[in-house]
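Listed below are the residues making up each chain.
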Amino acid sequence: MTPVMDQLNRPLRDLRISLTDRCNFRCVYCMPKEIFGSPTHFMPSEDTMTVDEILTVVRALAPIGVHKVRLTGGEPLLRRDIAPLIEGLTHIAGIDDVALTTNGSLLSRERAQALREAGLSRITVSLDSLDSGRFGRINGVGFGADRVLRAIDHADEAGLRPIKINVVVKRGMNDEDVVPLAQHFRFSGHIVRFIEYMDVGNSNGWTRQEVVPAQEILERISRQWPLHAIDRAYYGEVATRYAYDDGGGEIGIIASVSQPFCRTCTRARLAADGRLFLCLYANHGLSLRDILRQGGTEADIRNAVAGLWHHRSDRYSELRGRGDRRSPHLEMFQMGG
């Protein structure tokens, strides 16, 4: 089949799948505990997409261009059936990359090895500070940075490489950690990706003044260890890549606020309840779960998504700050990052 293109000539290549809207962290920029402290904020288990439903969706979308799948949440490792899901994904024709983003809290040595044996290609771990006190305040539950570092080691031992370390940088929260994090992972073979603090969801109180722009992040690190820009690995890669002049590896910077990359966005997002969203900032989605539970086929899913993508023109980050105030949209833990 011919890959589907949207109104800005962007192909559908990547599918981000949220396996659950639940998380055991309460990060201040995503699920602040003063707001999301009650189980009533989360969907009942019967509303969550099953493994078979997820596999049906991916089988439907592979022929129209999807070849990369990233499993997210909430915290995806809260799903006990994640290994059979990964194994099923690896057997779908056209899917050549299955990755996972996790906070690392549940990634034991045994779990990492089981995920690798199921067919997981690589893993991304979130770590916003090396200081356990500060990291515990950021994640809202006092979880220590040393435990996440052990999880990264477990992933490395299991061969889930290259390992990427995601760092959300917020001024006054952890911007002092930029250089120490870069230093810690130099020569490790892992790639730290610094992410500008974004206005995702409706509950984190985002202001532009709290954004540490990509250029400032780059300058802080370059003053210690000179860097040079390197090419993106593929069309649609969200991070701008830089390599250390001394061979110490590379970093990435995701600058969706100061340097929007909407024009090359190839991602769709499947929420845990089966709604498909075409932008991280969307406020409505198409329920693929309902199509399936009403007897729909793979062809029905494929036709519905192809039609939706063909009419897509989303580019929120490019338009941020222009015109009227944006309407509310889903929280990131509901949609998946």
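Look a little higher up for the structure.
Residues numbered from 1 in each chain as written. Predicted model: local features only at pLDDT ≥ 70, side-chain atom pairs only at ≥ 80, totals over all residues. Heavy atoms only, no water.

For the rest of this paragraph, the subject is the sheet that holds strand 7 (residues 227-230). With respect to topology, 12 strands assemble into an open sheet ordered 7-8-9-6-5-4-3-2-1-10-11-12, the strand pairing being mixed. Looking at which strands have only one partner, the edges of the open sheet turn out to be strand 7 and strand 12 (286-287). Inspection of the sheet shows strand 8 (residues 240-244) paired to strand 9 (residues 250-254) by four bridges, in the antiparallel sense. Within strand 9, the residue paired with Tyr242 across the bridge is Ile251. Sheet contacts for helix 1 (residues 51-61): strand 1 (14-18), strand 2 (68-72) and strand 10 (267-270); angle to strand 1, the most-contacted strand, approximately 170°. (Pairing = 2+ DSSP bridges. Helix = DSSP H or I, 4+ residues; strand = E, 2+ residues; numbered from the N terminus. Contact = heavy atoms within 4.5 Å. Axes fitted to C-alpha atoms, helices over the stretch in contact; angles between N-to-C directions.)

As a further point, take the environment of Pro3. In this structure, Pro3 sits in the segment before strand 1. A residue is classified by how much of its surface remains accessible, and Pro3, at 45% relative accessible area, is partly exposed. Sequence spacing of Pro3 and Leu61 is 58 residues, and the spatial spacing of their C-alpha atoms is 9.6 Å. If sequence neighbours within four positions are ignored, Pro3 has contacts with Ile64 and Gly65. (Buried < 20%, exposed > 50% of the residue type's maximum accessible area, 1.4 Å probe, protein only.)

A word on the nonpolar core. The tendency in soluble globular proteins is for nonpolar side chains to be buried side by side. In terms of nonpolar packing, the biggest core is built from 108 residues, with Leu15, Leu71, Leu127, Phe194 and Ile221 touching the most fellow members. Each residue touching Leu71, except ones within four places of it in the same chain, is listed here: Ile17, Leu19, Pro76, Ile82, Leu85, Ile86, Leu89, Ala99, Leu100 and Thr101. (Core = buried A, V, L, I, M, F, W, Y, C linked by side-chain atoms within 4.5 Å.)

Turning our eyes to something else, we now look at the packing of helix 2 (residues 82-90) against helix 3 (residues 109-118). Running from N to C, helix 2 and helix 3 cross one another at 25°; their axes reach a closest spacing of 8 Å. The orientation of helix 2 relative to helix 3 falls into the category roughly parallel. Of the two possible hands of crossing, helix 2 and helix 3 adopt the one that is right-handed. Mapping the contact onto sequence places Ile82, Ala83, Ile86, Glu87 and Thr90 in helix 2 and Arg111, Leu115 and Ala118 in helix 3. Considering only residue class, the contact of helix 2 with helix 3 consists of five nonpolar, one polar and two charged. (Parallel < 35°, antiparallel > 145°, perpendicular 65-115°, else oblique. Left-handed = near helix turned anticlockwise from the far one by under 90°. Nonpolar A, V, L, I, M, F, W, Y, C, P; charged D, E, K, R; others polar.)

This part covers the packing of aromatic side chains. Under the counting rule described, the total for this entry stands at three aromatic pairs. Summarising the aromatic geometry, the rings of Phe25 and Phe135 are spaced 6.3 Å apart at their centres and angled 75° between planes, so their arrangement reads as edge-to-face. Of this pair, Phe25 sits in the loop between strand 1 and helix 1 while Phe135 sits in helix 4 (residues 132-139), placing them 110 residues apart in sequence. Grouping residues by exposure puts Phe25 and Phe135 together as buried. (Phe/Tyr/Trp six-rings, centres within 6.5 Å; stacked < 30°, edge-to-face > 60°.)

Next up on the list: helix 2. When helix 2 is considered as a whole, its buried residues turn out to be Ile82, Leu85, Ile86, Gly88 and Leu89. Projected onto a plane normal to the axis of helix 2, the buried residues spread over an arc of 160° and lie on a single side. Taken together, the buried residues of helix 2 touch helix 1, strand 2, strand 3 (97-102) and helix 3. (Arc of directions from axis to C-beta.)

The subject of this paragraph is the side chain of Asn103. The residue Asn103 is located in the loop between strand 3 and helix 3 in this model. Within the structure, Asn103 has its side chain in polar contact with the side chain of Ser105 (distance 2.7 Å). Discounting chain neighbours no more than four positions away, the residues touching Asn103 are Cys23, Asn24, Phe25, Glu75, Val125, Ser126 and Val148. (Polar contact = N/O pair within 3.5 Å; in protein donor to acceptor, adjacent residues only side chain to side chain.)

Judged by how many residues are buried, strand 9 sits mostly within the fold: five of five residues are covered. Here strand 9 shows two buried faces, one formed by Glu250, Gly252 and Ile254 and the other by Ile251 and Ile253. Note: strand 6 (residues 191-196) against strand 9, four bridges, orientation parallel. Each residue of the ladder has a partner; that of Val192, found in strand 9, is Ile251. Counting the residues that bridge the hairpin from strand 8 to strand 9 gives five residues, and of these Gly247 lies at a positive phi of roughly 85°.

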